[in-house]
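Analysis of the macromolecular model
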Amino acid sequence: MKNKFKTILGLTVLILFISSCDKWIDPEINKDPGRPTDVSLNLILPTVEAGLGYCTGGDLRYNAMMWMQQLSGGANQPLAYDRYNVSQGDVDNMWKWGMYAGPMKDMYEIMKKADLEKSPHYKGVAQVLMALSLGYMTDLWVMFPIVMLSG
């Protein structure tokens, strides 16, 4: 009885490993039409510009306004900035998810894709925006370690 069970189990496992889904399932079945694999430059660039505007008009401005004493708050986040309560967590989101993983990653992709498509105008715009973004990041993140260590 045990030998018969082992034989059936072994044949079942062998059949599962030998058979392949490529023979009877259409390989196009798992392609999602809502998620394109390639996006044109004229669609990526406005996304980059909007993302850059969102980042520089959001968290990045709070930090600069705090040190220039242009920000006054009554509750929650503005109050913390008004009292110079800045921690590492206040700048980490912009560092990890805001600029680098968002607009700057897309700018890099535009530059690579513009080279392939021979589109110097898109590459030039992406390079200018990248220089602007790197300037923002350099100015702000050079300032924070100095402030955090001195406070």
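These numbers were taken from a predicted model, which means no experiment stands behind them. (Residues numbered from 1 in each chain as written. Predicted model: local features only at pLDDT ≥ 70, side-chain atom pairs only at ≥ 80, totals over all residues. Heavy atoms only, no water.)

1. Thoughts on the nonpolar core
It is characteristic of soluble globular proteins that their nonpolar side chains tend to be buried jointly. The following threshold applies: Here, nonpolar core means buried Ala, Val, Leu, Ile, Met, Phe, Trp, Tyr and Cys residues that are tied together by side-chain atoms lying within 4.5 Å of each other. Per-residue accessibility, obtained with a 1.4 Å probe over protein chains only, is compared with the maximum for each type, and a residue is labelled buried under 20%, exposed over 50%, and partly exposed between these values. The helix and strand labels rest on DSSP assignments: H or I over at least four residues marks a helix, E over at least two residues marks a strand, and numbering proceeds from the N terminus. Here a residue-residue contact requires only that any non-hydrogen atoms of the pair lie within 4.5 Å.
Among the nonpolar cores identified, the biggest contains 20 residues, and L60, M99, M107 and I110 are the most heavily contacted of them. Elements with a contribution of two residues or more to this core: α2 (41–57), α6 (103–117) and α7 (120–150). With near-sequence residues (within four places) excluded, M99 lies in contact with L52, C55, L60, M94, M104, K105, S133 and M137.

2. Comments concerning the side chain of K113
The condition that has to hold: Here a polar contact means two N or O atoms within 3.5 Å. Within protein one must be a hydrogen donor candidate and the other an acceptor candidate, and residues neighboring in sequence count only if both atoms are side-chain atoms.
Examined against the element boundaries, K113 turns out to sit in helix α6. Engagement of the side chain of K113 in a polar contact is seen with the side chain of D38, the distance being 2.3 Å. When residues no more than four places from it in sequence are discounted, the contact partners of K113 are D38, V39, S40 and L41.

3. Focus: the pattern of salt bridges
Here is the rule we go by: Here a salt bridge means any side-chain nitrogen of Lys or Arg lying within 4 Å of a carboxyl oxygen belonging to Asp or Glu.
In total, this model carries five salt bridges according to the counting rule given. The salt bridge partner of K112 is E109, with a shortest N-O separation of 3.6 Å. Taken together, the residues K112 and E109, both in helix α6 and three residues apart, mark about one turn of the helix. Overall, E109 belongs to the partly exposed group, its relative accessible area being 25%. Note that K123 is salt-bridged to D115, the shortest N-O span being 2.9 Å. Taking the relative accessible area as the measure of exposure, K123 reaches 23% and is therefore partly exposed. We classify D115 as partly exposed; its relative accessible area is 43%.

Limitation: the analysis is restricted to geometry and does not speak to function.
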